[in-house]
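Here is how the chains run, residue by residue.
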Amino acid sequence: MMFILSRWGHTSVTDSAPKPRGRRLAALAAVGAVTALAASACATTAPGSGSASSSSGGKIAVVAAENFWGSIAAQLGGSAVTETAIITNPQTDPHSYEPTAANARIIAGAQLFIQNGIGYDTSWAPGLVAANPNAGRTVLTVGNVLGLKDGDNPHQWYSHTSVYAVIDAITAAYQKIDPAEASYFAQRKAAFEDTTLAEYNRLETEIKGKYAGTPIGASESIVSPLATTLGLDMLTPYSFLKDISEGTDPTTADKAEIDQQIRNKQIKVYVYNSQNSTPDIQAQVALARQEGIPVTTVTETLSPAGDSFQQWMVSELQGLEKTLAEATGH
């Protein structure tokens with residue numbers, strides 16, 4: 001396990017080796033063991049020792065299950081918060097992450113814990129929260145903020161509308177935890193939305209204006225919210241996208257339909273998640289390239305890990321725009 005201090009000033013806790021994508025049921029089976037591990041860690045650790053709040057100096061101790069929400073939380077909080085992210089390794093799959101005793105200690109000391117929910121980190125994050133009760137802790141679940149449930153698309157950090165809703169929710173949580181700094185948090189929010197995210201917003205508007213309606217294919221459901229935001233026409237069957245996202249074997253019929261879409265050049269661009277490249281996806285990427293269809297990638301967490309949310313998104317939007325330009329000739 002490694003502790004990493006990013007160049008954006010927030011701390012992350014991650015495993016030194018990536019974990020492969022596992023089946024959801026296997027991840028759920030680990031919760032009981034994690035709960036026992038967390039309880040043991042708390043029983044043998046002095047109060048505050050090793051927790052996110054131990055060196056906060058009066059600041060709000062924020063812990064995020066995933067570093068993309070953590071990056072946003074750190075920037076919205078500014079000098080009034082300290083932020084720690086649990087999942088930071090771009091090769092780690094949050095669906096089947098296996099928590100550690102260090103994760104449990106950090107969550108135990110958090111004043112604000114941000115989890116994605118919607119079936120994304122629910123195999124482990126709620127278990128750690130329950131194993132480490134803290135009356136002074138606020139838990140912000142993105143799925144609850146957005147009115148989404150397990151089974152809905154969990155990849156809402158690729159949705160412009162959802163990102164802005166989460167920004168509102170994090171700011172409101174800060175203002176509730178520390179009312180004396182309410183105006184400071186409001187100023188941070190305005191600056192983040194209007195200035196920090198300016199290039200992210202500009203690129204989304206530009207891509208939508210140029211390429212709305214362009215048919216695309218994708219490897220999994222992570223791309224769907226982005227396609228909706230940009231007005232792109234997702235032709236890949238959603239059943240296939242969801243199966244790959246959840247580690248389920250896709251149907252033969254879905255795979256045949258996608259192969260036909262590629263061979264007939266019904267799609268202009270193929271987008272795949274490089275953190276979840278199964279043999280089926282590798283075959284589709286190879287076929288797309290063979291047929292002259294441009295391919296671009298996205299990731300599930302910040303890549304590189306030290307980037308901010310906006311750096312990561314801008315880079316991916318630029319890559320997608322370049323691919324769309326190549327595919328359409330404009």
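Everything here concerns the structure above.
Residues numbered from 1 in each chain as written. Predicted model: local features only at pLDDT ≥ 70, side-chain atom pairs only at ≥ 80, totals over all residues. Heavy atoms only, no water.

Chemist: Give a description of the pairing of strand S9 (residues 269-273) that names residues and reports values.
Modeler: Counting buried positions along S9 yields five of five residues, so the element is predominantly enclosed. Bridge count for strand S7 (residues 215-218) against S9 is three bridges, and the pairing is parallel. By the bridge assignment for S9, alanine 218 is matched with valine 271. As paired elements, S9 and strand S10 (residues 295-298) share four bridges and run parallel to each other. The partner of tyrosine 272 across the bridge, within S10, is threonine 297. As for the winding sense of the linkage, the β-α-β connection from S9 through helix H13 (residues 279-290) to S10 is right-handed. (Buried < 20%, exposed > 50% of the residue type's maximum accessible area, 1.4 Å probe, protein only. Helix = DSSP H or I, 4+ residues; strand = E, 2+ residues; numbered from the N terminus. Pairing = 2+ DSSP bridges. Right-handed = clockwise from strand over helix to strand, strands pointing away.)

Chemist: Which residues make up the pairing of strand S5 (residues 112-115), and what values do they have?
Modeler: Burial of the side chains of S5 extends over both faces: Leu112 and Ile114 are buried on one face and Phe113 and Gln115 on the other. Where S5 lies against strand S6 (residues 138-141), four bridges are found, and the strand directions are parallel. What sits directly across from isoleucine 114, in S6, is leucine 140.

Chemist: Can you explain the environment of glutamate 98? Please cite residues and give values.
Modeler: Positionally, glutamate 98 belongs in the loop between strand S4 (81-87) and helix H4 (101-108). Residue class for glutamate 98 comes out partly exposed when judged on its relative accessible area of 46%. Put simply, glutamate 98 and tryptophan 124 are 26 residues apart on the chain and 7.3 Å apart in space, counted from C-alpha to C-alpha.

Honestly, it's all geometry; don't read function into it.
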